[in-house]
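What the coordinates show
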Amino acid sequence: MPAEAGVIRGGWEFVWAAYGVSAVILTGYAVSVIVRYRAERRRRGEVRP
Amino acid sequence: MKDDRLPYSLLGLGVALLLWGSYWGLFRAPAEAYMGDVQRIMYVHVPTAWNAMLALTFAFACALLSLLRGQAVWDARLEGALEVGVTLSALLCMQGAIWAKPTWGVWWDWDPRLTTTAVLVFAFGAILALRQFVDDPVKRATWAAVAVIIAYVDVPIVYFSVKWWNSLHQAQSTPETVSRAFHWPLRINAFGMLFLMSGLISLRARLALLRHEDETAPPLPEPALRTAGAARGAR
Amino acid sequence: MSALAAALRKDLLLQWRTRAQVVAVFAFGAAALLLFSFAVGPDAGVLREHAAGFLWLGLLLSSTLTLAESFHAEAEHRALEGLLLLPASARALYYAKALANTLALAALGAGLVPVMVVLYDAATPRVPALLGIILLGSAGLSAPGTLYAAMTSQARARQTLLPLLLFPLVVPVLLAAVKATALLIHGDPMEQLRSWTLLLVCFDVIHWSLCGLLFERVVED
C-alpha cells in the first residue's frame with residue numbers, strides 16, 4: 001500500500017517516464033509507418049499529393 | 001492514385017490534441033487527493049486503454065468482413081488494426097507498470113485488466129508473426145481472420161479467469177477513477193489518440209494493400225515494366 | 001455421424017500405430033516435471049504446494065508435441081486434400097481429430113499423475129474428479145490446438161508458431177485446471193471446485209463450437 005498518510009508524494013519521475021515512453025513509442029511507430037509507406041509509393045514511381 | 005490527405009490530417013490533428021491534453025494534464029490540472037501527481041499518468045493511460053481495445057475490436061470486425069466478403073482491403077485493414085492494436089496494448093502494459101511501481105510498490109500487481117492486456121499482446125502479436133510465415137496471400141488472409149476471431153472471443157474468458165484467479169489473493173481494487181474536475185485533459189487525449197490511431201491504421205492498411213497488389217500482380221515482361229514505370233512517373 | 005465415427009476411428013488408429021511417439025512424449029512430460037523440481041529446489045513443502053501448476057505446465061508443454069504430430073501424417077503425405085475430397089465434411093474431420101487429441105492428452109495427463117505423486121508428494125483421494133479435470137483441460141487444449149496444428153502444419157516455422165499462437169489462448173484453461181487440481185490435492189474448504197470446473201466447461205463449449213465452425217476455412221483450398 002502507498003505511503004504512511006495514505007497519500008503518494010512526488011513521483012514526478014514516474015509521470016515523466018510514462019509520458020516519455022508513450023511519446024517515444026507512438027512517435028517511433030508513426031514514423032516507421034510513414035517511412036515504410038512513402039518508400040513503397042516511391043518505389044512504384046507514384047507522385048504523392 | 002489515392003489521396004493521402006485524410007490519414008495525414010488525422011495524424012496531425014491527433015498529435016495536436018495529444019500535446020494539448022497532455023500539457024493540460026501535466027501542468028494545469030491540480031494534483032489528486034490521494035494519488036498525488038502520479039495520477040497524471042491516467043491522462044495518457046486511460047486513453048491508451050480505450051484505443052487499444054477499439055483497435056482490436058476493429059480488427060475483429062475486419063476479420064469477420066474478410067472471411068465473409070473475401071476482399072483484400074479488409075485483410076489490409078486487419079493488418080493495420082492488428083499492428084496498431086498490439087503496439088498500443090504493449091504501451092498500455094508499460095504505462096501500467098510505471099503506474100504500479102509508486103502505487104503498489106511492485107512493477108506488476110496482476111491487475112486483471114493489465115494482465116489480460118499482456119495476454120492479448122502475446123495472442124495478437126502471434127497472429128502478426130503467423131502472417132510473416134504464410135506466403136500465399138489468400139491463406140494468409142483467411143488464417144489471420146480465423147485467428148483474430150478466436151483470439152477476440154477469448155478476451156472476456158481470459159479477463160474473467162484472471163479476475164477470479166487474482167481475487168482469491170488480493171481484495172484490492174484499482175483506484176482508477178478520475179474525479180469530475182479532471183475530465184477535460186482525459187477527453188482531449190482520448191480524442192487525440194483516437195484520431196492518431198485512425199490515421200495510423202489507415203496508413204498502415206494502405207501500405208498493406210500496396211504490398212498485396214505487388215504480390216498478386218501478374219508478372220510483366222521487362223520492356224513493359226520499364227514503360228509502365230515511366231508512364232506512371234509522368235502522370 | 002458415421003463420417004465422424006469413421007474419421008475418429010482413422011485418427012485413433014493413427015495414434016495407435018505411432019504409439020512409440022506417445023511413449024516419447026510421456027518421457028518428455030515426466031522429464032519436464034523433474035526439471036521443475038530442480039528449478040524450485042528440494043523443499044518438499046514448496047513442491048507439494050505448486051504440484052498442480054507443475055503438472056499442468058508439463059502437460060501444456062507436451063501438448064505442443066502431440067498436437068503438432070497429429071497433423072504430421074496429413075502434411076507429410078498430402079493426405080489432407082484427399083480426405084477433403086471425401087463426402088465427409090471438414091467439420092467431421094475436425095471433431096474427430098480434436099477428440100483423438102483430447103483422449104491422447106488426457107491419457108498423457110493421467111500418466112503424469114503418478115509422476116506428480118512421487119516427485120511432489122501430491123496425491124488426492126478424489127481420483128475420478130481429478131481425471132475429470134484432466135479430461136476437461138485436455139479438451140480445452142485440443143479444441144484450438146487442433147485448429148492451429150492444421151494451420152501451422154502448412155506454414156513455415158511451424159514448430160515455433162503453434163505454441164506461440166496456442167499458449168496465450170489457453171491461459172483460462174491453465175488457470176482453471178491448476179486451481180481445480182490444487183483444490184483436489186490440498187482440500188476445498190470453500191467449495192470453489194464447482195466454479196473452476198464451470199469455467200473449464202464454458203471454455204470447452206465455446207471453443208469446440210467456434211473452432212469447429214471455422215475449421216473449414218482453415219483447410220479449404
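Notes on the structure in this doc start here. (Residues numbered from 1 in each chain as written. Chains lettered and ligands numbered in written order. Predicted model: local features only at pLDDT ≥ 70, side-chain atom pairs only at ≥ 80, totals over all residues. Heavy atoms only, no water.)

**Remarks on the overall build of chain B**
- A count of helices and strands for chain B gives seven helices and zero strands.
- Ordered by position in the sequence, the α and β elements of chain B form the string α-α-α-α-α-α-α.
- Looking at the 235 residues of chain B, the share that counts as buried comes to 54%. (Helix = DSSP H or I, 4+ residues; strand = E, 2+ residues; numbered from the N terminus. Buried < 20%, exposed > 50% of the residue type's maximum accessible area, 1.4 Å probe, protein only.)

**A few points about unusual backbone geometry**
- You will see that W110 of chain B, though not glycine, has its phi angle at about 60°, which is positive.
- Even without being a glycine, A157 of chain C presents a positive backbone phi close to 50°.
- Secondary-structure assignment places A157 of chain C in the loop between α8 (127-152) and α9 (158-169).

**Here's the deal with the nonpolar core**
- Residues F124, I127 and I150 of chain B together with Y120, L147 and Y148 of chain C are the most contacted members of the largest nonpolar core, which totals 138 residues.
- If we ignore the near neighbours within four places in the chain, the residues touching I150 of chain B are L147, Y148, L169, H207, L210, C211 and L214 of chain C.
- In terms of nonpolar packing, the next biggest core, distinct from the first, is built from six residues, L8, L83, A96 and A100 of chain C among them. (Core = buried A, V, L, I, M, F, W, Y, C linked by side-chain atoms within 4.5 Å. Contact = heavy atoms within 4.5 Å.)

**Comments concerning the interface of chain B and chain C**
- The interface of chain B with chain C comprises 30 residues on the first partner and 30 residues on the second.
- Carbon and sulfur atoms supply 76% of the area that chain B and chain C bury against each other, a total of about 2,800 Å² over both sides.
- Ranking the residues of chain B by area buried against chain C places F133, W143 and I150 of chain B at the top, with a combined share of 24%.
- With a shortest N-O distance of 2.9 Å, R156 of chain C and D135 of chain B are connected by a salt bridge.
- Linking chain B with chain C are six residue pairs in polar contact (both at pLDDT 80 or more), by the criterion used here.
- Those elements giving two or more residues to the side of chain B that touches chain C turn out to be α4 (112-132) and α5 (137-167) of chain B.
- Ranked by the residues each element gives to the side of chain B that touches chain C, the list is headed by α5 of chain B, at 16 residues.
- For the side of chain B that touches chain C, a count of residues per class yields 23 nonpolar, four polar and three charged. (Buried area = accessible area lost by both parts, 1.4 Å probe. Salt bridge = Lys/Arg side-chain N within 4 Å of Asp/Glu carboxyl O. Polar contact = N/O pair within 3.5 Å; in protein donor to acceptor, adjacent residues only side chain to side chain. Nonpolar A, V, L, I, M, F, W, Y, C, P; charged D, E, K, R; others polar.)

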